Amino acid sequence: MARVLNFNPGPAALPLSALERAQNELIDFQGTGMSVMEHSHRGKDFEAVHNAAIASMRELLGISDDYHVLFLQGGASQQFAVVPMNLLPQGRSADYILTGAWGKKAYDEAKNVGTVRVAATVEENKTYVRVPAQSELKLDPEAAYVHLTSNETIHGVQFHNYPDTGKVPLVADMSSDFMWRKFDVSRFGLIYAGAQKNIGPSGITVVIVRKDLVDGARKDIPKIFRYGTHAENNSLYNTPPTFGIYLIRNVMDWIKQSGGLGQIEAWNREKAALVYACLDELSGFYRAPVKAPARSVMNIVFRLPTEELEAKFIADAKKAGMVGLKGHRSVGGIRVSSYNAMTVDGIRQLVSFMKDFAKTNG
Ligand SMILES: *Cc1c(COP(=O)(O)O)cnc(C)c1O
């Protein structure tokens, strides 16, 4: 079997054991004579999978009963609109903190729904290399919510401490760093994350939302976009992406079998430290633009001396069995996406390749 080292930014690598379990169960799911994909979403067999995925997520993150956990469709991009549709009533305004391209997209989409303000932007020379300090935030104490992007997947900029927004609910797009570690869910009013980076395949967006925000949300929007609709129906209002939810169940079980989110965090920190140490050691050749306190543990971006060398780096890496290293087309360069499923050993192989490449081409 020839599995490559997959550094894709999303859809991204999945844990091998979660895939193998799906393979083993594919044709005949638990003696039912059909695959999980062929089961009714209303039947007890799928319902058990669905509830296990939610229960494991609640357990691993320590999510209290004050929150709903929803599995929705439409990607994080749909949440860019659905968050303000639900939480931004007429006559109110919402604050956005911009630390990269995704936050900017969320802000631009929210403008189509209601009144929004920029509470802070760190854009400089058309790029983003840091997160704002608390003192830089111009927060509106009357805002309906404050939105941030916990990890900017394209620019490799990550919040390592979340800002204090007082009584105003904090809303976070955690698509590319959801469940890379345990964090305090109670600091947030709402969290959303496309599954395809860290916890499953594409097609599902996890939304964790405080129940009082759902109760107070706008009702003058189509039913399908109301958080309340999905909360009342345990995310089974309409047919959900059943196979994707099944795979999330497998990934949750893999996290548990690995020792929980504490172990996952330790691996992620070790992997990021290995790559950044290499970049710092070889800073005459590799250039990491993001300021150290905001360096992402998940998406590590860097440049080489020329675009020709970057193209050669990507081509040589591919020959060595490493794929998905090309930076986003809007920024260029190299991006190492090191999500939960990437192993420490995989990163060691990459770092060894990076050292050899610098020696040969530097
Ligand atoms: C990938 C990504 C998105 C977009 O997700 P879709 O599922 O394609 O809508 C939004 N925000 C962040 C931070 C992302 O990494």
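Each chain has its residues counted from 1, following the order in which its sequence is written. Side-chain atom pairs in this predicted model are given and counted only at pLDDT of 80 or more, local residue features only at pLDDT of at least 70, and totals for whole chains, interfaces and linings cover all residues. Think of the side-chain values as coming from all heavy atoms in the structure, minus any hydrogens and water.

**A look at the pattern of salt bridges**
We define a salt bridge as a side-chain nitrogen of Lys or Arg found within 4 Å of a carboxyl oxygen belonging to Asp or Glu. This structure, assessed with the given rule, holds 17 salt bridges. Taking the shortest distance from any N to any O, the salt bridge between Arg 249 and Glu 25 comes out at 3.4 Å. Of this pair, Arg 249 sits in helix H7 (residues 242-258) while Glu 25 sits in helix H1 (residues 16-25), placing them 224 residues apart in sequence. For Glu 25, a relative accessible area of 16% translates into the label buried. Counting from the N terminus, the helices are DSSP H or I runs at least four residues long and the strands are E runs at least two residues long. When a residue's accessible area, from a 1.4 Å probe over protein chains only, is under 20% of the maximum for its type it is buried; when over 50% it is exposed; and in between it is partly exposed.

**A few points about the nonpolar core**
Note on terminology: a nonpolar core comprises buried Ala, Val, Leu, Ile, Met, Phe, Trp, Tyr and Cys residues joined through side-chain atoms within 4.5 Å. Of all hydrophobic cores here, the largest spans 52 residues; its most connected members are Met 57, Leu 61, Phe 178, Met 179 and Ile 208. At 8 residues, the largest contribution of residues to this core is made by H7. We call two residues contacting when some pair of their heavy atoms lies within 4.5 Å. Residues contacting Leu 61, with those up to four places away along its chain left out, are Phe 178, Met 179, Arg 181, Lys 182, Phe 183, Val 185, Ile 208 and Leu 261. Counting residues in each nonpolar core, the second largest holds 32 residues, with Ala 272, Leu 325, Tyr 339 and Ala 358 among its members.

**Points about the domain arrangement of the protein**
Domain annotation of the protein identifies domain 1 (16-258) and domain 2 (260-361). For the purposes of this description, domain bounds are those given by an automatic or database domain assignment. Domain 1 and domain 2 are separated by 27 Å when their C-alpha centres are compared. Taken together, the 25 residues of domain 1 in the interface contact 26 residues of domain 2. When the buried surface of domain 1 facing domain 2 is broken down by residue, Val 129, Ile 154 and Trp 180 rank first, second and third, together holding 28% of it. The interface formed by domain 1 and domain 2 holds 0 salt bridges in total. Counted as a polar contact is a pair of N or O atoms within 3.5 Å, where, for protein atoms, one must be capable of donating a hydrogen and the other of accepting one, and residues adjacent in sequence contribute only when both atoms are in side chains. Our count for the domain 1 to domain 2 interface comes out at 12 residue pairs in polar contact (both at pLDDT 80 or more). At the level of secondary structure, the elements contributing two or more residues to the side of domain 1 that touches domain 2 comprise helix H2 (44-61), strand E7 (157-158) and H7. Of the residues in the side of domain 1 that touches domain 2, the class split is 10 nonpolar, 9 polar and 6 charged. Each of two parts loses accessible area, computed with a 1.4 Å probe, when they are put together; buried area is these two losses added. Charged residues are taken to be Asp, Glu, Lys and Arg, nonpolar residues to be Ala, Val, Leu, Ile, Met, Phe, Trp, Tyr, Cys and Pro, and polar residues to be all remaining types, Gly included.

**Quick word on the packing of aromatic side chains**
Stacked, edge-to-face and tilted labels apply to pairs of Phe, Tyr and Trp rings (six-membered ring for Trp) whose centres lie within 6.5 Å, assigned for plane angles under 30 degrees, over 60, and everything in between, in that order. Evaluated as defined, the whole model comprises 16 aromatic pairs. Both rings, one in Phe 285 and one in Tyr 286, keep their centres 4.9 Å apart while their planes meet at 80°; by these two values the pair is edge-to-face. With respect to burial, Phe 285 and Tyr 286 carry one shared label: buried. By way of ring pairs, the aromatic residues Phe 285, Tyr 286, Phe 302, Phe 313, Phe 353 and Phe 357 are connected into one cluster.

**A word on the pairing of strand E5 (residues 146-149)**
Here E5 shows no split at all, with Val 146 and Leu 148 on one side and His 147 and Thr 149 on the other all buried. Two strands qualify as a pair provided that DSSP identifies no fewer than 2 bridges between them. Across 2 bridges, strand E3 (residues 93-98) lies against E5 in parallel orientation. Across the sheet, residue Tyr 96 finds its bridge partner in E5, namely His 147. Alignment of E5 against strand E8 (residues 170-173), held across 4 bridges, turns out to be parallel. Its bridge partner being in E8, Thr 149 is matched across the sheet by Asp 173.

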